[in-house]
Amino acid sequence: EEELFDGLAFESSLFLGPKLLNTNASYLAFSAEGAGALMIYQELDEKQHNLYSIILRDNLQLTYTLGSHIPVSVLQETSLGSLVRGYGSGQYPLDGALANRFSLCFNGPEPFAKGFYPRLVLFFDVGYGFGQLANTSVSSSAFLASAGVSVTYSLLSYMDIGYQMAYLIEGSNPMQPGKT
């Protein structure tokens, strides 16, 4: 996930997996994402390292996937459960998914080098999936919502190592039925 501190970013992609190139795949996947961020507060030290910052972020993502043989690797990126935190990657694999991820990020301090710092993220996600279940002719729809917190350590904006907890407001996690 690319780091955005202040401003807007847009990205879209189109993937095609024609059956003539791979007998285990036949699909078309489209994804579009818009992200916005606003730096609410930032305190820098004399070396311009972040002592403390608060960032408000919002991501809106739309995916649409269709085909007769959609691979698991594609479903892990495009399914509704992959877009809403607290649900498993590949869960709710419907043709279309629309998700909004809202975050309030508390970052810092960054005492040793730029790009290495702890982060606390409060989040609220909602998503709606529609169409047929992947690789079937069964029509379905789903609405998911979650809220939670993650505590991580950021390594040069390439990865965060940490722990995330989500409270499932709407929908269930099929990997842990009955638990929120």
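Further up the page is the structure itself.
Quick look at the structure, then. Predicted model, so just to flag it, every value in this text is computed and none were measured. (Residues numbered from 1 in each chain as written. Predicted model: local features only at pLDDT ≥ 70, side-chain atom pairs only at ≥ 80, totals over all residues. Heavy atoms only, no water.)

**Overview of a nonpolar patch on the surface**
Thought 1: A surface patch of nonpolar side chains, about 790 Å² in accessible area, is lined by Leu14, Leu16, Leu28, Phe30, Leu60, Leu62, Tyr64, Leu66 and Leu98.
Thought 2: Of all the secondary-structure elements, those providing two or more residues to the nonpolar patch are strand E1 (7-17), strand E2 (26-44) and strand E3 (50-69).
Thought 3: Per-element tally for the nonpolar patch: the top contributor is E3, with four residues. (Patch = residues over 30% accessible without salt bridge, like charges linked within 9 Å, V, L, I, M, F, W, Y side chains within 5 Å. Areas by Shrake-Rupley, 256 points an atom, 1.4 Å probe, with all protein chains shown as cover. Salt bridge = Lys/Arg side-chain N within 4 Å of Asp/Glu carboxyl O. Helix = DSSP H or I, 4+ residues; strand = E, 2+ residues; numbered from the N terminus.)

**Points about the sheet that holds E1**
Thought 1: Strand order in the open sheet made by the seven strands is E1-E2-E3-E4-E5-E6-E7, with antiparallel pairing throughout. In the strand order of this sheet, the two ends are held by E1 and strand E7 (159-170), each with one partner. The average angle at which neighbouring strand axes cross in this sheet is 15°, direction not considered. (Pairing = 2+ DSSP bridges. Axes fitted to C-alpha atoms, helices over the stretch in contact; angles between N-to-C directions.)

**Focus on the packing of aromatic side chains**
Thought 1: The tally for this structure, following the rule as stated, stands at four aromatic pairs.
Thought 2: Considering the side-chain rings of Tyr41 and Tyr52, the 6.3 Å spacing of their centres and the 55° angle between planes classify their relative orientation as tilted. Here Tyr52 lies in strand E3 and Tyr41 lies in strand E2, a separation of eleven residues in the sequence.
Thought 3: What makes Tyr41 partly exposed here is its relative accessible area of 38%.
Thought 4: Relative to Tyr92, the ring of Tyr87 has its centre 6.3 Å away and its plane inclined at 80°; by these criteria the two rings are edge-to-face.
Thought 5: Three or more aromatic residues joined by ring pairs form one cluster here, namely Tyr64, Tyr128 and Phe130. (Phe/Tyr/Trp six-rings, centres within 6.5 Å; stacked < 30°, edge-to-face > 60°. Buried < 20%, exposed > 50% of the residue type's maximum accessible area, 1.4 Å probe, protein only.)

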